Amino acid sequence: MKRILLLLIRGYQKGISPFFPPSCRYYPTCSHYTFTAIERFGALKGSLMGVARLLRCHPFVKGGYDPVPDHFSVRRNTVKDDHK
């Protein structure tokens, strides 16, 4: 199941995403975040983290740097924004 989900995400990143203007409020993008979360935590936990990230992505959020945490969590990672 993990491989199938990763293939679907990769297909979206290469086949669908390039046709839309960039509009992601977070770095890394939601698809990259979900891909990494599934790789690190497996299909179920990684998918839950990805869905939680998508639900956090809305016009009223500040956005910014939000990497996949080291431990399973559906909350936003609270690391400092040292990405810039």
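Because the structure is predicted, anything quoted here is derived from the model rather than measured.

Next up on the list: the layout of surface pockets. Approximately 370 Å³ is the volume found for the largest pocket. What lines the largest pocket is a set of 13 residues, and nearest its centre among them are Tyr 12, Ser 17, Cys 24, Thr 29 and Ser 31. Among the secondary structure elements, those contributing two or more residues to the lining of the largest pocket are helix H1 (2-15) and helix H2 (30-41).

Here we take up helix H3 (residues 43-56). Taking 1.5 Å of rise per residue, 14 residues should cover 20 Å, and H3 covers 20 Å from first to last C-alpha, within 8% of that figure. On its buried face, H3 sits against H1, strand S1 (26-27) and H2.

This brings us to unusual backbone geometry. Of note, the amide linkage connecting Tyr 27 to Pro 28 takes the cis form, showing an omega dihedral of -5°. You can see Pro 28 is positioned in the loop between S1 and H2.

In a pair of packed helices, the angle between the axes and the distance between the axes together describe the arrangement. Taken N-terminus to C-terminus, the directions of H1 and H2 make an angle of 165°; their axes are 10 Å apart at the nearest point. Judged by the angle between their axes, H1 and H2 are roughly antiparallel. Crossing angle aside, the handedness with which H1 passes H2 is left-handed. Residues Lys 2, Leu 5, Leu 6, Ile 9, Arg 10, Tyr 12 and Gln 13 of H1 form the contact with H2, whose own contacting residues are Ser 31, His 32, Thr 34, Phe 35, Ile 38 and Glu 39. Here the contact of H1 with H2 is built from residues that sort into six nonpolar, four polar and three charged.

Moving on to the confidence of the model for the protein. The share of residues in the protein with pLDDT of 70 or more is 92%, and the mean pLDDT across the chain is 88. Highest mean pLDDT in the protein belongs to H2 (96); lowest belongs to strand S2 (residues 64-65) (89).

Parameters and conventions
- Residues numbered from 1 in each chain as written.
- Predicted model: local features only at pLDDT ≥ 70, side-chain atom pairs only at ≥ 80, totals over all residues.
- Heavy atoms only, no water.
- 1 Å grid on protein atoms, 1.4 Å probe; cavity = no way out; pocket = protein on both sides within 12 Å on 5 of 7 lines; lining within 4 Å.
- Points joined across faces, edges and corners; volume = space filled by probe spheres on them.
- Helix = DSSP H or I, 4+ residues; strand = E, 2+ residues; numbered from the N terminus.
- Expected span 1.5 Å × (residues − 1).
- Contact = heavy atoms within 4.5 Å.
- Axes fitted to C-alpha atoms, helices over the stretch in contact; angles between N-to-C directions.
- Parallel < 35°, antiparallel > 145°, perpendicular 65-115°, else oblique.
- Left-handed = near helix turned anticlockwise from the far one by under 90°.
- Nonpolar A, V, L, I, M, F, W, Y, C, P; charged D, E, K, R; others polar.
- pLDDT = per-residue confidence, 0-100.

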